[in-house]
Amino acid sequence: MTILLFILFFFIIFPVAYGAFKLWNLRRRMRNMQNDLFSQFFGTDTQRQRQPDHTAPRRKKKKIDPRVGEYINFTEISVEQQDTTTDNATTHFAAEEQISDIEWEDIK
């Protein structure tokens with residue numbers, strides 16, 4: 001009699017229960033993926049609305065301290081030049097000087 005119960009359990013009851021669990025787990029995962037897709041498309045998140053303990057993500061710290069570096073004082077120079085084209089129209093533009101006296105240093 002115990003051999004029949006053993007065969008019944010391992011060849012009938014266990015595979016049916018295992019299959020039911022796998023089916024339930026698959027449906028749960030599909031439902032979660034569908035909710036995630038819905039929230040990405042429409043901008044609302046039903047999972048997070050159900051879970052009130054969800055916190056907002058933390059801001060990442062800056063890698064370089066804001067006190068590092070120095071302020072460079074500069075002044076703008078505007079120079080107007082006139083350029084006459086062939087149809088006697090005058091064009092005004094401001095020429096910008098190129099900065100050429102700066103020496104670069106690599107930050108290590």
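Fair warning: this is a prediction, and the values are worked out from it, not measured in the lab.

Engineer: Explain the overall build of the chain residue by residue, including any values.
Structural biologist: The helix and strand inventory of the chain stands at 2 helices and 2 strands. When the helices and strands of the chain are read in sequence order from the N terminus, they spell out α-α-β-β. Relative to its 108 residues, the chain shows a buried fraction of 5%. Summing over all exposed atoms, the chain offers an accessible surface of approximately 12,100 Å²; the carbon and sulfur share of this is 58%.

Engineer: Let's hear about the side chain of S39: which residues, and what values?
Structural biologist: Relative to the elements of secondary structure, S39 occurs in helix α1 (residues 2-42). Within polar-contact distance, the side chain of S39 engages the backbone oxygen of D36 at 2.7 Å.

Engineer: Would you mind going over the packing of aromatic side chains in detail, with residue names and values included?
Structural biologist: Ring pairs (aromatic) are described by centroid distance and by the angle formed between their planes. Applying the stated criterion to the full structure yields 7 aromatic pairs. Seen in terms of ring centroids, F41 and F42 are 4.7 Å apart; in terms of plane orientation they differ by 90°. Their pairing is edge-to-face. Judged by relative accessible area, F42 falls into the exposed class, the value being 52%. Every member of this aromatic cluster is reached through a ring pair, and the members are F6, F9, F10, F14 and Y18.

Engineer: Any chance you could break down a positive patch on the surface for me, citing the residues and the numbers?
Structural biologist: Taken together, K22, R27, R28, R29 and R31 make up a surface patch of like positive charges. By the element assignment, R27 lies in helix α1.

Engineer: Tell me about the environment of E97, and please be specific about residues and values.
Structural biologist: Positionally, E97 belongs in the segment after β2 (90-95). Along the chain, E97 and S78 lie 19 residues apart, while their C-alpha atoms are 9.1 Å from each other.

Engineer: Could you give an account of a negative patch on the surface, naming the residues involved and the relevant values?
Structural biologist: A surface patch of negative charge is lined by E70, E103, E105 and D106. Mapped onto the elements of the fold, E105 is located in the segment after β2.

Engineer: Residues and numbers for the confidence of the model for the chain, please.
Structural biologist: Detailed reading of the predicted coordinates is not advisable wherever pLDDT is low. Model confidence for the chain is summarised by a mean pLDDT of 77, while 71% of its residues fall at 70 or above. Across the chain, α1 holds the top mean pLDDT of 89, while helix α2 (residues 46-50) sits lowest at 53.

About the criteria used
- Residues numbered from 1 in each chain as written.
- Predicted model: local features only at pLDDT ≥ 70, side-chain atom pairs only at ≥ 80, totals over all residues.
- Heavy atoms only, no water.
- Helix = DSSP H or I, 4+ residues; strand = E, 2+ residues; numbered from the N terminus.
- Buried < 20%, exposed > 50% of the residue type's maximum accessible area, 1.4 Å probe, protein only.
- Areas by Shrake-Rupley, 256 points an atom, 1.4 Å probe, with all protein chains shown as cover.
- Polar contact = N/O pair within 3.5 Å; in protein donor to acceptor, adjacent residues only side chain to side chain.
- Phe/Tyr/Trp six-rings, centres within 6.5 Å; stacked < 30°, edge-to-face > 60°.
- Patch = residues over 30% accessible without salt bridge, like charges linked within 9 Å, V, L, I, M, F, W, Y side chains within 5 Å.
- Salt bridge = Lys/Arg side-chain N within 4 Å of Asp/Glu carboxyl O.
- Lys, Arg positive; Asp, Glu negative; His and termini not counted.
- Charge placed at Lys NZ, Arg CZ, Asp CG, Glu CD.
- pLDDT = per-residue confidence, 0-100.

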